[in-house]
Amino acid sequence: MTSNLNPYISFDGNAREAMEFYRDALGGDLTVSTFGDMGDTGPAADKVMHSRLETPAGFQLMAADTPPGMEYRPGQNISISITGPAADAANLHRYWEALSAGGTINVPLEKQPWGDEMGACVDRFGIAWLVDIGTEDSAQ
């Protein structure tokens, strides 16, 4: 498996509705994980922590609801995501170092509750990036 580059959209509480719309429009398989799936029992438990649409044409679109405590910023609610397997970790770490250099690190590249290493940054040109390194047994 190789690494993938795709858009990652943040929504203000309607990520599931939007992703179901995109699935209906583009076709494909949609997977959705909620904050509750990761142990959150608060008011955001039913909101989307991560979703991925994979279409027959090979498109990938990822999305989530803006996490509690983070500001939703219309017009700035899309990132570029690079995801790959642990087997490609050296390249993914290299991408992270290069993209975050001179920018702002919002989430350090480190192990997350779902098992992957993930980091979020804004590069020196103002573009938001996510880098996710899957575990050997996780799907991207």
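Conventions and cut-offs
- Residues numbered from 1 in each chain as written.
- Predicted model: local features only at pLDDT ≥ 70, side-chain atom pairs only at ≥ 80, totals over all residues.
- Heavy atoms only, no water.
- Helix = DSSP H or I, 4+ residues; strand = E, 2+ residues; numbered from the N terminus.
- Expected span 1.5 Å × (residues − 1).
- Buried < 20%, exposed > 50% of the residue type's maximum accessible area, 1.4 Å probe, protein only.
- Arc of directions from axis to C-beta.
- Contact = heavy atoms within 4.5 Å.
- Pairing = 2+ DSSP bridges.
- Axes fitted to C-alpha atoms, helices over the stretch in contact; angles between N-to-C directions.
- UniProt positions renumbered as here; feature names shortened; annotations may be inferred.

Within an unreviewed UniProt entry, the label attached to the protein reads VOC family protein, and the organism entered is Actinocatenispora comari.

> Is there a simple way to explain helix 1 (residues 15–26) in this structure?
Quick reminder: α-helices carry 3.6 residues per turn. Residues three or four places apart thus point the same way. With 12 residues, helix 1 ought to run about 16 Å at 1.5 Å a step, and its terminal C-alpha atoms sit 16 Å apart, in line with that. What helix 1 keeps buried is the set Ala-15, Ala-18 and Met-19. Each buried residue of helix 1 lies within a common arc of 95 degrees when the element is viewed along its axis, so the set occupies one face. Exposed positions of helix 1 whose direction lies more than 90 degrees from the buried face are Glu-17, Phe-21 and Asp-24. The secondary structure elements touched by the buried residues of helix 1 are strand 1 (4–11), strand 2 (29–34), strand 3 (48–54) and strand 4 (60–65). Positioned one or two residues after helix 1, Gly-27 has a phi angle of 80 degrees, which is positive.

> Teacher, can you tell me more about the pairing of strand 8 (residues 128–133) here?
Note on strand geometry: in a regular strand, side chains alternate between the two faces of the sheet. In terms of burial, strand 8 is a largely internal element, 5 of the 6 residues being buried. The sheet contact formed by strand 5 (residues 78–84) and strand 8 spans 5 bridges and is parallel. When the sheet's bridge partners are listed, Gly-84 is paired in strand 8 with Ile-133. Judged from the 6 bridges that link them, strand 7 (residues 117–122) and strand 8 form a sheet pairing that is antiparallel. Note on strand 8: the bridge partner recorded for Gly-119 is Val-131. Where strand 7 folds back on strand 8, the antiparallel hairpin that results is connected by 5 residues, among which Gly-126 adopts a positive phi of roughly 90 degrees.

> When you look at the environment of Pro-108 in this model, what are you seeing that I'm missing?
Looking at where Pro-108 falls in the secondary structure, it is placed in strand 6 (residues 104–111). With 21 residues separating them in the primary sequence, Pro-108 and Trp-129 have C-alpha atoms 12 Å apart. With sequence-adjacent residues up to four places away left out, Pro-108 is seen in contact with Trp-96, Met-118 and Gly-119.

> Please explain the sheet that holds strand 4 as it appears in this structure.
Taken together, 8 strands build an open sheet; the order of strands is 2-3-4-1-5-8-7-6 and the sheet is mixed. Since the sheet does not close on itself, it has two edges, and those belong to strand 2 and strand 6, each with one partner. Pairs of neighbouring strands in the sheet enclose a mean axial angle of 20 degrees, with direction left out of account. Sheet topology places strand 3 next to strand 4; 4 bridges connect them, and they run antiparallel. Across the sheet, the residue bridging to Leu-53 is Leu-61, located in strand 4. Across the sheet, helix 1 touches strand 1, strand 2, strand 3 and strand 4, and the angle it forms with strand 3 is around 5 degrees. The strands touched by helix 2 (residues 89–100) within the sheet are strand 5, strand 6, strand 7 and strand 8, with strand 8 carrying the most contacts at an inclination of about 160 degrees.

> Looking at this structure, I do not really get the UniProt feature "domain: PhnB-like" (unreviewed entry) in the protein. What am I missing?
Cross-referencing UniProt, the feature "domain: PhnB-like" (unreviewed entry) maps to residues 6–130 in the present numbering. Measuring from the first to the last C-alpha atom of residues 6–130 gives 10 Å, for a span that is 19% helix and 39% strand.

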